[in-house]
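Structural description and commentary
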There are 2 protein chains.
Amino acid sequence: MQGKLPDFYAVIPAGGIGSRLWPLSRADAPKFLHDLTGSGQSLLRDTWDRLEPLSGSDRIGVVTGRAHRAAVEKELPGVADLNVFLESEPRESAAAIGLAAAILHRREPNVIIGSFAADHVIQGTNRFEWAVEQAVAVARAGYICTIGIPPAEPSVGFGYIRTGDELEIKGAPEALLVKEFVEKPNLETAKRYVEERTYLWNAGMFIARADVILAELEKNEPELHAGLIELAAAWDDRNQRGPAVDRIWPGLKKIAIDYAVAEPAAAAGRLAVIPGHFDWDDVGDFASLAKLNSRGRGSDLAILGENARVLADASSGILVSQTDRVISVVGVKDIVIVDTPDALLVTTSEHAQRVKGVVDALKLTGRGDVL
Amino acid sequence: MQGKLPDFYAVIPAGGIGSRLWPLSRADAPKFLHDLTGSGQSLLRDTWDRLEPLSGSDRIGVVTGRAHRAAVEKELPGVADLNVFLESEPRESAAAIGLAAAILHRREPNVIIGSFAADHVIQGTNRFEWAVEQAVAVARAGYICTIGIPPAEPSVGFGYIRTGDELEIKGAPEALLVKEFVEKPNLETAKRYVEERTYLWNAGMFIARADVILAELEKNEPELHAGLIELAAAWDDRNQRGPAVDRIWPGLKKIAIDYAVAEPAAAAGRLAVIPGHFDWDDVGDFASLAKLNSRGRGSDLAILGENARVLADASSGILVSQTDRVISVVGVKDIVIVDTPDALLVTTSEHAQRVKGVVDALKLTGRGDVL
């Protein structure tokens, strides 16, 4: 299928496990392979379906671990072998996106790539497409462009983007310069950000010409850049690729693209942002998952699981059922229950962020078999 | 082993499932077969061990359902075949205890029987024995005697016994007449009962001569009495017993011994009570089970389960683990979690009494397979 944007190529980094969604998310069943919205398909497939009309099905790549190759290809039967970029081990987002940029730049020097997480939830297709179309116009003009979400509430779970002056770019009437990226704030600061109306949520989307990303990487992380260029040169030769990955990949610096590319570009006035007027969530923890699935009825217990056999009374929160057990929930509020064959989690929305600590503790106490 | 009280025979009705402890208690694994205190053995066996020094091992009988015969005999390897009274179906306590009384009276006309629930928890052996010894002295004098517990708090989960005048009976210095039995009160009334110091918890223990129980039954429930006498006449003939049970038992009236015997006897001045100065609990629901296992540390999560693999943080309440799953509990207070192979319950101490409603709802919705 041909996409709307002929010079655009979509990259989906599918790497993170989503530890704060344990025991739903696992090393062998990461967050992006789950249906977290009741859509009937995985977040990864949702992401593909969202991008395909823009890029065309031949121009969507996935960067993922070798361990996930089979699962990814099952979820995305339309993905071309050429467009699956396998990491031998996780090296964070700068290496993942940089690798795609380096390979694609060799194949097609003027390509514009857009990177979109495999495990976010977006509602509002037309508005998403309009934001990406504007971002691509900004990228054509030589900027690195992100898409930021006008905050619906003073979230302390997201990073923020401070916006600056309007940019005058044809086809991108909403484009703004970015002044800076800021880390997850405390509640007071988050409230100020919302009031000032000049901050957007950082949704982790980056759209830019491959050569622009590479130039930025070369400036800020020259060793990482050199490794990626060397790897890309070997990539499309089947005999060279495997040995090159094994030789180069494990030595690459682990660094987020925010630090390696976006923040330095913002400081230099080369980063732009399009406000995205669609619903977006990174579903970072069970509180977020509960909210997403409560459909506004916070007084009910949201239930995720195809074969759930649940008897709930006077309860609210979220229940994830991955077994065929009968589950009875009585009189518990804002509860989080995740029932899987080998592990059970019971917590509350309020403590959802602490699940990552549970995962760390399980590692430390030798129970990594359930991670 | 010879007991301290040669005319005494202990009867253990082991019938109730304990629905409010679902999914721990089941039709095929009733409450009395579980270790609810971490003692390392079942409540039934605890009950046996408590009574044996008083009656001797040859003089303890169990009234139970045919379905539980094998389990009961496994728990009580010392029980004589002669002392297992099998019901073809549950008929409540008047029929169960009345059957034992009728059979034992034929075997031994002057026998004193004492009935003690199979699924209560008692701590304080010497004080328990002293109460039973007094009760037997009172029973010898022709009274029906119960043992009541001075209330430690204004519980609304127990019935109460209103005490009257002191009885002058040798060997029973604490014996009192009973004025009336009262049903589970509301909190206000329970508080008044505790303040007035003339009320005791009804712990469901009855000690009396078999002939006295039968006379009371004959007066109040003549049809039930006649059925039991007919059944008892056939009981010790192996060829007659089975047909007699099948013919008579299903037609017997279902009524609690409290109504059929104790309340009318109290009204007629024939019921006495010994205050029992031992710790007693009927472990009627998970709130009670949590309290029993918290050992005063209400801020902790009590864990029941031999092979429990639990990671708990900032949580209190009780967790019962009957699987080998890893269970993580984070930031939940007064929680009740019962993890079994085919059913999971999550509730709070406050809602523990509602578990019976869950069982009813599961029956109604065709999920009786997990009951």
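The name an unreviewed UniProt entry gives chain A is Mannose-1-phosphate guanylyltransferase, with Microbacterium mitrae as the organism.

Here, the residues flagged by UniProt with the feature "domain: Nucleotidyl transferase" (unreviewed entry) are residues 10-293 of chain A. Segment residues 10-293 of chain A splits into 41% helix and 21% strand. End C-alpha atoms: 28 Å apart.

Residue and element names in this part refer to chain A. Most of strand β16 (residues 335-339) is tucked away, with five of its five residues classed as buried. In β16, alternate side chains face the same way, and those of Ile335, Ile337 and Asp339 on one face and Val336 and Val338 on the other are all buried. In terms of strand pairing, strand β14 (residues 317-321) meets β16 through five bridges, oriented parallel. Within β16, the residue paired with Gly317 across the bridge is Ile335. Looking at chain direction, β16 and strand β17 (residues 343-348) are connected through five bridges and run antiparallel. Looking at β17, one finds that Ile337 is bridged to Val346.

Attention now goes to the sheet that holds β17 of chain A. Neighbouring strands of a sheet are bound in pairs by backbone hydrogen bonds; such pairs are parallel or else antiparallel. Strands sit in the order β12(A)-β14(A)-β16(A)-β17(A)-β15(B)-β13(B) across an open sheet of six strands; the sheet is mixed. Two strands bound the open sheet, and with one partner strand each, they are β12 (301-304) of chain A together with β13 (309-313) of chain B. Strand-to-strand twist in this sheet, taken as the mean axis angle between neighbours without regard to direction, amounts to 10°. Strand contacts of helix α10 (residues 286-294) of chain A: β12, β14, β16 and β17 of chain A, with the helix running at about 95° to β14 of chain A, the strand carrying the most contacts.

Turning our attention to the packing of aromatic side chains. All names here are of chain A. Overall, the coordinates contain 20 aromatic pairs over all chains when judged by the stated rule. Geometrically, the ring pair formed by Phe158 and Trp201 is edge-to-face, given 4.8 Å between the ring centres and 65° between the ring planes. Taken as a pair, Phe158 in the loop between β6 (144-149) and β7 (160-166) and Trp201 in strand β9 (residues 199-209) lie far apart in primary sequence, 43 residues in all. An identical accessibility class is assigned to Phe158 and Trp201; each is buried. A centroid spacing of 6.2 Å and a plane angle of 50° characterise the contact between Trp201 and Trp280, whose relative ring orientation is tilted. Placement of the pair is Trp201 in strand β9 and Trp280 in strand β11 (residues 279-281), with a sequence separation of 79 residues. We note that Trp201, like Trp280, is buried. Three or more aromatic residues link up through ring pairs in this structure, and these residues are Phe8, Phe116, Phe128 and Phe278.

The rules behind each value
Residues numbered from 1 in each chain as written. Chains lettered and ligands numbered in written order. Predicted model: local features only at pLDDT ≥ 70, side-chain atom pairs only at ≥ 80, totals over all residues. Heavy atoms only, no water. UniProt positions renumbered as here; feature names shortened; annotations may be inferred. Helix = DSSP H or I, 4+ residues; strand = E, 2+ residues; numbered from the N terminus. Buried < 20%, exposed > 50% of the residue type's maximum accessible area, 1.4 Å probe, protein only. Pairing = 2+ DSSP bridges. Axes fitted to C-alpha atoms, helices over the stretch in contact; angles between N-to-C directions. Contact = heavy atoms within 4.5 Å. Phe/Tyr/Trp six-rings, centres within 6.5 Å; stacked < 30°, edge-to-face > 60°.

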